[in-house]
Structures are given as structure tokens and as C-alpha cells.
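# Structural characterization, general
Below are the chains, spelled out letter by letter.
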Amino acid sequence: MIQKTKIDEFIRPDLLSFGAYTAPVSAGSLTGNTEIPLTGVIKLDQNENVYGCSPKVITALAKYKGYHIYPDSEQTTLREQLSGYTGIAPECIVAANGSNQLLDIITRLFVGEGDNVINFVPTFDIYRFSTQICGGNIVEIPRDDKFAIDTGLFRRSIDAKTKLIFIANPNAPTGNLTPKKTILELLDTGIPIVVDEAYYEFSGVTALPLMKKYPNLMVVRTFSKWAGLAGLRVGYGLFNPVIADYLHRIRIPFNVNVAALVAVNESLQDIDYLLNRTKQIIAEKDRLFVELKKFKWLKPYPSRANFILCQVLNGKASEIHEILQNKGIMVRYFAKPRLENCIRISVGKPEHSDALIKVLREI
Ligand SMILES: *Cc1c(COP(=O)(O)O)cnc(C)c1O
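Residues numbered from 1 in each chain as written. Predicted model: local features only at pLDDT ≥ 70, side-chain atom pairs only at ≥ 80, totals over all residues. Heavy atoms only, no water.

## A closer look at the overall build of the protein chain
Worth spelling out the cut-off: We count a stretch as a helix when DSSP gives it H or I for four or more residues in a row; a strand needs E for two or more, and each element gets its number in order from the N terminus. Both definitions apply: the radius of gyration is a C-alpha atom measure, and the globule rule equals 2.2 Å times residues to the power 0.38. Think of it in three bands: residues with accessible area under 20% of the maximum for their type are buried, residues over 50% are exposed, and the middle band is partly exposed, with areas taken using a 1.4 Å probe on protein chains only. Any pair of residues with heavy atoms lying within 4.5 Å of one another is described as a contacting pair.
A count of helices and strands for the protein chain gives twelve helices and 13 strands. Taken over C-alpha atoms, the radius of gyration comes to 21 Å for the protein chain, in line with the 21 Å a tight globule of 363 residues would show. Overall, the C-alpha framework of the protein chain stretches about 65 × 55 × 50 Å when taken along its three principal axes. Here the protein chain, with 363 residues, has 51% of them falling under the buried criterion. Considering only contacts within the protein chain whose residues lie at least 6 apart along the sequence, 71% involve residues at least 24 apart.

## Here's the deal with the sheet that holds strand 12 (residues 332-333)
Within a sheet, each strand pairs with its neighbour through backbone hydrogen bonds, oriented either parallel or antiparallel. Counted only if it meets this: Paired strands, as defined in this entry, are two strands with at least two bridges between them according to DSSP. Axis definition: a line fitted to C-alpha atoms, over the contacting stretch in the case of helices. Angles run 0 to 180 degrees between N-to-C directions.
Ordered in space as 9-10-13-12, the four strands form an open sheet in which the pairing is antiparallel. At either margin of the open sheet sits one strand with a lone partner, and together these are strand 9 (298-300) and strand 12. Packing against the sheet, helix 11 (residues 317-326) makes contact with strand 10 (307-312), strand 12 and strand 13 (342-346), and its axis sits at approximately 35 degrees to strand 13.

## Quick look at the layout of surface pockets
What counts, and what does not: A 1.4 Å probe that fits but cannot get out identifies a cavity on a 1 Å grid over protein atoms alone, an open set with protein on both sides within 12 Å along at least five of seven lines counts as a pocket, and a residue lines either if it has an atom within 4 Å of a point. Grid points are joined across faces, edges and corners, and a volume is the space filled by probe spheres set on the points. In this classification, Asp, Glu, Lys and Arg are treated as charged, Ala, Val, Leu, Ile, Met, Phe, Trp, Tyr, Cys and Pro as nonpolar, and every other residue, Gly included, as polar. What fixes the domain bounds is an automatic or database domain assignment.
The calculated volume of the largest pocket comes to roughly 860 Å³. What lines the largest pocket is a set of 40 residues, among which Y21, P24, Q46, F124 and R332 lie closest to the centre. In the lining of the largest pocket, the residues fall into 19 nonpolar, eleven polar and ten charged. For the lining of the largest pocket, the two domains that each supply at least three residues are domain 1 (24-52 + 272-362) and domain 2 (56-269).

## Overview of empty space enclosed by the protein
Evaluated as defined, the whole model comprises one cavity of 30 Å³ or more. Of the volumes computed, that of the largest cavity is approximately 40 Å³. A class-by-class count of the residues in the lining of the largest cavity yields four nonpolar, three polar and two charged.

## Thoughts on the side chain of E284
Within the secondary structure, E284 sits in helix 10 (residues 271-293). When residues no more than four places from it in sequence are discounted, the contact partners of E284 are V347, G348, K349, P350 and S353.

## Looking at the packing of helix 1 (residues 55-63) against helix 9 (residues 258-268)
For clarity, the cut-off: In this scheme, roughly parallel covers angles under 35 degrees and roughly antiparallel covers those over 145, while 65 to 115 is roughly perpendicular and the rest are oblique. Left-handed describes a crossing in which the near helix is turned anticlockwise from the far one by less than a right angle; the clockwise case is right-handed.
Relative orientation of the contacting elements helix 1 and helix 9 amounts to 140 degrees, with a least axis distance of 8 Å. Judged on the interaxial angle alone, helix 9 and helix 1 are oblique. Note on packing geometry: the crossing formed by helix 1 with helix 9 is right-handed. For the pair helix 1 and helix 9, contact is made by K56, V57, A60 and L61 and by A259, V262, A263, E266 and S267, respectively. Residue classes in the contact of helix 1 with helix 9 are distributed as six nonpolar, one polar and two charged.

## A closer look at a nonpolar patch on the surface
Our working rule: Like-charged residues are merged into a patch within 9 Å and nonpolar side chains (Val, Leu, Ile, Met, Phe, Trp, Tyr) within 5 Å, provided each residue has over 30% relative accessible area and no salt bridge. Residue burial considers only the protein chains on display, and all accessible areas are found by Shrake-Rupley using a 1.4 Å probe. Salt bridge, as used here: a side-chain nitrogen of Lys or Arg that lies within 4 Å of a carboxyl oxygen of Asp or Glu.
On the surface, a cluster of nonpolar side chains totalling about 430 Å² of accessible area is made up of I7, F10, I11 and L16. Counting through the fold element by element, I7 comes out in the segment before strand 1 (42-43).

## Thoughts on helix 12 (residues 350-362)
The condition that has to hold: Working rule for helices: expected span equals 1.5 Å times residues minus one. Arc definition: directions from the helix axis to the C-beta atoms.
End to end, helix 12 covers 19 Å across 13 residues, agreeing with the expected 18 Å (1.5 Å per residue, within 8%). Those residues of helix 12 not exposed but buried are H352, S353, L356, I357, V359 and L360. All buried residues of helix 12 fall inside an arc of 165 degrees around its axis, so they share one side. Of the exposed residues in helix 12, the ones pointing more than 90 degrees away from its buried face are K358, R361 and E362.

## Let's talk about the site of the ligand
Cut-off, in case you're wondering: Any residue with at least one heavy atom within 4 Å of a molecule or strand is counted as near it. We call two N or O atoms a polar contact when they sit within 3.5 Å, provided that within protein one can donate a hydrogen and the other can accept it, with sequence-adjacent residues counted only if both atoms are side-chain atoms. Cavity and pocket membership follows a simple rule, namely that a molecule belongs there if more than half of its atoms are within 2 Å of the grid points.
Y199, T222, S224, K225 and R233 are the nearest of the 13 residues found near the ligand. At a separation of 2.7 Å, a nitrogen atom of the ligand approaches a polar side-chain atom of D196. Summarising the interface, the protein chains cover 93% of the accessible area of the ligand, which totals 390 Å² for the free molecule. Most atoms of the ligand, that is more than half of them, are within 2 Å of grid points of the largest pocket. By residue class, the composition of the shell around the ligand is five nonpolar, five polar and three charged.

As C-alpha cells, then:
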């Protein structure tokens, strides 16, 4: 008889029933379950850049000879390059293995057991994930029917235990921007605030100029979306130098790998090319929005990112998600409050939108 494992007794009690981050199914796992071959799968479920990365990245990665050498743990060159791109001093910059990792390091710096973290829901799930792993509590403040932040509710929700506030701007998965006035109101509390600008290159809106006056402001960005480097994992944040110093002290060494360093270097030398692609994606988003609006049973929400959230007014979003998946078109479905009757569609190339619209018309 197999001895029943007692390992559960050793695991942190608060993690025994921990709700993991639910990533969408991978394209590979669809094999045999769709009506079209895998190479034809249209992946519009993770806001990746359908145009890929800069071709310069591919060439440079193939030529690079130093993969056996550890990366510079100080991130010196990388931070100088990011300083050139953002206009912020290198000592105010911290990079990580994707902005998700940076969000996690930030949470670890501020949040301990029993501390509270403010989350304006629905929003990006990593904020909850990292908070709970640190033993903190998520205080959920519901967004209104247009997904805007209610500052009155916010004020009533903060107390001495509130250590951190997360706000994705534009918000994911809803796509809307939070007005500067609201961000100022949050900043005025003095509580550390992360403004997650993962879609900055699409929205063109940043809180960065406020950092001079507000040392509690932290701006987090990524190369995953605009630069098409989601698979290489590189994100960075812009901080007051005191916060940046603490973050450097607690982050894992060598957390940005050499392939990512090469890729960032090349991407930042090909900014015009990459920003042209983002412009194409924005134009396609606007076109797709108009097309989606024509369906009486769909309500697309205006978006400043590279995706569109749609409410299914008639029928079930989970079924629409499944029908699309069977046709080889992957969109995102969230079985979560406020989102359970929505699908989120990442913006691809015009032909991807056309294929999507065609299937939606047949429903
Ligand atoms: C996609 C996304 C990120 C990016 O995460 P990476 O780890 O940099 O790939 C961060 N925040 C939000 C809100 C996102 O949608």
C-alpha cells in the first residue's frame, strides 16, 4: 500500500488552498481539438504582438556568442539603455524577467502578513496572486459600469494596514484609461502606488511626469506587447531612487537573461519600426471595434490597449469562446465576476479580424 504523503502538513497553511494564476490554454494543447491544423491557429488570447519582434532581434540572437556567461547582475548597460528610452536616470530603473516578476518583487517589498493591498476589479490577476503569496489581503474595490475607479469607495477602503495600490493603466482586461485627476487623488494619500503601463506604447499616456512630485509613484512597463518580446520575458520599472535601491537588494541576481539583454538592445535600435507596428495595431483595433459594434448581441468596450473586451448581450460568452476555439481562433474568457459574460479579443492583423468576424457572423 502506498503511504499517504504527509507533505501537506509542512506546506504553509495559507497556501494550501491558494488560487493559482490561470493562464489560457496553450496553442499546442489544442492539437486534434480544432477543425484546422495548428499552424493555422489564430492566437488572439494573450495580447501578444502578431507581427513578432524586430527582425534585428532574430539576427542578433543567432550571432551572439556569450550564452555561457552569466548576465551582468547590476543590469548596468540595460539600465542605461532604458534610461535613454524613458529619460529617467539609471539609478531609478529596475528590470526583471517580465514585468510580472517586477510586480512580484514590488509586492514583496511592501506587503507582509495581514497587510492590505488595494485592487480595482476587474483587473490583472497578478496583483492578487503576488499579494496573497506574501500573506497579504486583497481589498477589492469594484469599478463602475464603465470600469472607472470610484474614489469615494477608495477613500473608505484605506486604513493603516493599506500598504500598496495597484492600477493597470490602461486597465486589463477592460482597456480603459484612468483619468489623471483620479491618479492624483490616489497619489495624494501617500500610499505606494504601482501604475502598470504594460500598454503604454499603445495608449501614449503615462503617469511618469508625476514622479518628481510623488515619490510613492511607481511605473511598470514591459517589452512583451509593443516590442513583441513576450517569450523572452523582460519588463522594467521607474521608481524613486530609494525604492529602486530596495528593489535591487531583494531581487534575485541575474534576473534578466542574456538573450533578453540582446533583444532589448536591438529593439531599442529599431524603435521606429516597432512603433510603426503599434500604429498598425491601433488602426486595426479601431477598425475591429467598428466591426464588432455591428453585432447586436455584442458590446465592445472602447480600449486604449491592443485588445477589445466585449460583453455578450445575448447568449453565453463561454460558448462563443468555445465556438471560436473550435474554429482555431483563440480569444480569452474569464470565469470571474463582472467578466463571466465577456470575451477579450487581442488585436491581430486585418486578416485575423476578418477570420474572427466571419465566424461571429455564422453564430
Ligand atoms: C501583459 C501584461 C503585463 C506584461 O507582463 P510581462 O510579465 O511583462 O509579460 C503586465 N501587466 C498587464 C496589465 C498586462 O496586461
